[in-house]
Amino acid sequence: MLDPAVLAQILWTGIATSSYMVLFTIAFALVLKVLKLWNFAQAGMMAIAFYAMYVAVNQWGLPTAAAIAFGLAATLAATLAYEVLGLRTLRARRSSSLLFFIFTLVCSEFTAYALTLVFGTEPVPLFPEILSPTRIVAGVAVSDWDLLAVGVTILLGAALALYLRFSRDGQFLLAVSDSAELAELYGIDARRAYLVALAAASVFACAGMYLYGSRTAVIPTAPLQLMLFAVIATLLGGMGSVLGGALAAVFLSLLQSYSVLVIPSQWQGLILYVFLFVTILFFPTGVRRLWNTSTRS
Amino acid sequence: MEYVYSILILVGIYVILASSFNLIIGTAGLVSIAHPIFFALGAYTAGLLAIHFHLDPFLGAAAGALVAGAFSLMISLPSLRVSGDYLLITSIGFQLGLLQVIKNLELTGSQGGLNNIPTPVPGPERGWIFSAVSLAAAAATVLVIRWIVRGPYGRAIRAMRDDELAFVALGRNAMHIKIMIFAVGCAFAGVAGAIYAFYYQYVSPEQFEILASGTMLTMVVVGGMGSTWGPVVGAVLLLALPQAITFLRLPLAYMAPLQGMLFTLLVILFLFLRPQGLVAPEAPAPLRARRK
């Protein structure tokens, strides 16, 4: 018989751990929604964010807030260059989706190689100490990191939702995501919307890497693996739905956490891929759309 | 001399991989990057059959091709019926998922990899015999692919790639072509894997990670996507490049990332400056006939 305290602990830890996955998924899903682009270069942005913060904290001795600001600035600069010099050129040439895909993937790989050259393959955490103070709440161990992770994720998620719902720029993003050509006919600058979406994704990627890196040691190729989780969650949540992707990320994280009870830990990673196949086989447009269809009928 | 032989063997292996990858991604326009896992399937199948059943190497290579081709159906059947994007995502998931399995199975040597694969050609003759076999297999692959691409089936493949809707409207079965091309391309990668396993007598899962996809992609993009000879030029050029870096005598820790950076930078430069690659795709045969 399973102890309820153990189940509650797994639930809480799973929710806390899902925080950075949710942030990565929101970043990925937002870019897919607005730019219609499978942005594999996000892994590169995530790696830049982490290593910029790492340098700021460990080599320059900057305080955490300044390190985050520096990490964000570096990520935004890289994203700007990526959009202006790369994606815009490909769009202007009306390149095929294959070329876009190759470009995003090689950008990501180039970043991973460049960071490996500079920082090596030794895993490094953001801070020397990765354990945070913990307290027991109703029989469940809750660490400061858990609270920070959940709080940041809720805060950023809510901010994005409000921005998309109530701000003029947010509405423009939604218009461009529906139809870029039509939006431009109404005077909306689609190029600006793309840039704003990528910048917002950078914020989420940076926040996610701060949370991930303050708890786990990172190597330059780690973001590629993390991003794959975001890809699967986006697919499962329904392409074009940022909220659906975020919920799917929580679900997948919890599933992985609870799988410890029934599956040896070395096989846990496989669950994601099994889900990927199940999703593509049975819910190719995502679970959310399936739900909507069944509700309507 | 052994060094030259090893380079020639690698050239043969990578020409097979790049040409077969080009058939899938360039000629048929199927966006998959899981080619290294089919290379791995061929290598592991041939290696395991040689270790446990002492199977003839040619039969081992055939089995490697068969297993890689059969496994390709696991990706193509579920994902091709939806759209190109799904194939891409499924291919990544399939590659990483299968690597996870290989890393955890005792049969495949787990994380440490599969070693002690018996060599079919022991002794001093080994180097040149393997070079000859590898280069012959590469030549055969290129010629078979050229034959497919230049024939009526090749025209159908290109028609499907360029306008699938019109192709289907004409009563042709696009799914059938996609599945066939995907299986054929993956089977060639399986043959390359078998040659690799028999020559190096060791296979490890790290060799087939997602970064290996980047290497193959580089060969195809730099050489010329959609052209028959482009991937051959790309494979030879990109195998020569690391040899040139070797002479810089940099520490080993710098070599691999530097090589990776050069590869990916080349792809980016070619994407923007010469998207057709070094060898542009040939004009379709019927068009040339009409010009005459």
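These numbers come from a predicted model, not from an experiment. (Residues numbered from 1 in each chain as written. Chains lettered and ligands numbered in written order. Predicted model: local features only at pLDDT ≥ 70, side-chain atom pairs only at ≥ 80, totals over all residues.)

### What about the overall build of chain A?
Item 1. Across its full length, chain A carries 12 helices and 2 strands.
Item 2. Reading chain A from its N end, one meets helices and strands in the order α-α-α-α-β-β-α-α-α-α-α-α-α-α.
Item 3. What you see for chain A is a C-alpha radius of gyration of 19 Å, in line with the 19 Å of a compact globule of 297 residues.
Item 4. Here chain A, with 297 residues, has 47% of them falling under the buried criterion.
Item 5. Sequence-distant contacts in chain A: of pairs separated by 6 or more residues, those separated by 24 or more amount to 76%. (Helix = DSSP H or I, 4+ residues; strand = E, 2+ residues; numbered from the N terminus. Rg over C-alpha atoms; globule rule 2.2 N^0.38 Å. Buried ≥ 20, exposed ≤ 12 C-beta atoms within 10 Å, placed from the backbone. Contact = placed C-beta atoms within 7 Å.)

### With respect to the interface of chain A and chain B
Item 1. Taken residue by residue, the interface counts 32 residues in chain A and 37 residues in chain B.
Item 2. Those elements that place two or more of their residues in the side of chain A that touches chain B are helix 4 (97-119), helix 9 (222-237) and helix 11 (268-282) of chain A.
Item 3. Sorting elements by how many residues they give to the side of chain A that touches chain B places helix 4 of chain A first, with 14 residues.
Item 4. Tallied by class, residues from the side of chain A that touches chain B come to 25 nonpolar, 6 polar and 1 charged. (Nonpolar A, V, L, I, M, F, W, Y, C, P; charged D, E, K, R; others polar.)

### A look at the environment of A:Ala43
Residues and elements named next belong to chain A.
Item 1. Mapping Ala 43 onto the fold places it in helix 2 (residues 42-59).
Item 2. The spacing of Ala 43 and Gln 225 is 182 residues in sequence and 8.3 Å in space, taken between C-alpha atoms.
Item 3. If sequence neighbours within four positions are ignored, Ala 43 has contacts with Ser 108, Pro 223, Leu 224 and Met 227.

### Concerning helix 5 (residues 144-166) of chain A
Residue and element names in this part refer to chain A.
Item 1. Taking 1.5 Å as the rise per residue, helix 5 with 23 residues should run 33 Å; its terminal C-alpha atoms sit 32 Å apart, in good agreement.
Item 2. Those residues of helix 5 that fall on the buried side of the exposure criterion are Asp 146, Ala 149, Thr 153, Leu 156 and Leu 160.
Item 3. Buried residues belonging to helix 5 abut helix 1 (4-35), strand 2 (140-143) and helix 8 (190-213). (Expected span 1.5 Å × (residues − 1).)

### A short note on the packing of helix 1 (residues 2-27) of chain B against helix 9 (residues 210-223) of chain B
All names here are of chain B.
Item 1. Contact geometry for helix 1 and helix 9: axes closest at 9 Å, N-to-C directions at 75°. As far as their axial angle goes, helix 9 and helix 1 are roughly perpendicular. Listed contacts from helix 9 to Tyr 14, Leu 17, Ala 18, Phe 21, Asn 22, Ile 25 and Gly 26 of helix 1 are Met 216, Met 219, Val 220 and Gly 223.
Item 2. Here the residues of the contact of helix 1 with helix 9 are counted per class, giving 8 nonpolar, 3 polar and no charged. (Axes fitted to C-alpha atoms, helices over the stretch in contact; angles between N-to-C directions. Parallel < 35°, antiparallel > 145°, perpendicular 65-115°, else oblique.)

### Details of helix 11 (residues 252-273) of chain B
Item 1. Taking 1.5 Å as the rise per residue, helix 11 of chain B with 22 residues should run 32 Å; its terminal C-alpha atoms sit 31 Å apart, in good agreement.
Item 2. Along helix 11 of chain B, the positions that sit buried rather than exposed are B:Pro257, B:Gly260, B:Phe263, B:Thr264, B:Val267, B:Phe270 and B:Leu271. For helix 11 of chain B, the arc enclosing every buried residue in end-on projection is 160°, short of the 170-degree limit, so these residues lie on one face. For helix 11 of chain B, exposure combined with an orientation more than 90 degrees from the buried face picks out B:Leu269 and B:Leu273.
Item 3. Each element contacted by the buried residues of helix 11 of chain B is listed here: helix 4 of chain A together with helix 9 and helix 10 (230-246) of chain B. (Arc of directions from axis to C-beta.)

### Remarks on the packing of helix 5 of chain A against helix 8 of chain A
Residues and elements named next belong to chain A.
Item 1. For the pair helix 5 and helix 8, interaxial distance at closest approach is 11 Å and the crossing angle is 175°. In terms of orientation, helix 5 and helix 8 fall into the roughly antiparallel class. Here Ala 149, Val 152, Leu 156 and Leu 160 of helix 5 lie close against helix 8, whose contacting residues are Ala 200, Phe 204, Ala 207 and Leu 211.
Item 2. Of the residues in the contact of helix 5 with helix 8, the class split is 8 nonpolar, no polar and no charged.

### Section: the pairing of strand 1 (residues 134-137) of chain A
All names here are of chain A.
Item 1. For strand 1 and strand 2, the ladder comprises 4 bridges, and the chain directions are antiparallel. Bridge pairing in strand 2 links Thr 134 to Ser 143.
Item 2. Counted along the chain from strand 1 to the antiparallel partner strand 2, the turn is 2 residues long, and its residue Ala 138 has a positive phi close to 50°. (Pairing = 2+ DSSP bridges.)

### Describing the confidence of the model for chain B
Residues and elements named next belong to chain B.
Item 1. On average, residues of chain B carry a pLDDT of 88, and 95% of them reach 70 or more.
Item 2. By mean pLDDT, helix 12 (residues 285-291) is the weakest element of chain B at 52, and helix 2 (residues 35-53) is the strongest at 96.
Item 3. With pTM at 0.86, the complex prediction returns an ipTM value of 0.84. (pLDDT = per-residue confidence, 0-100.)

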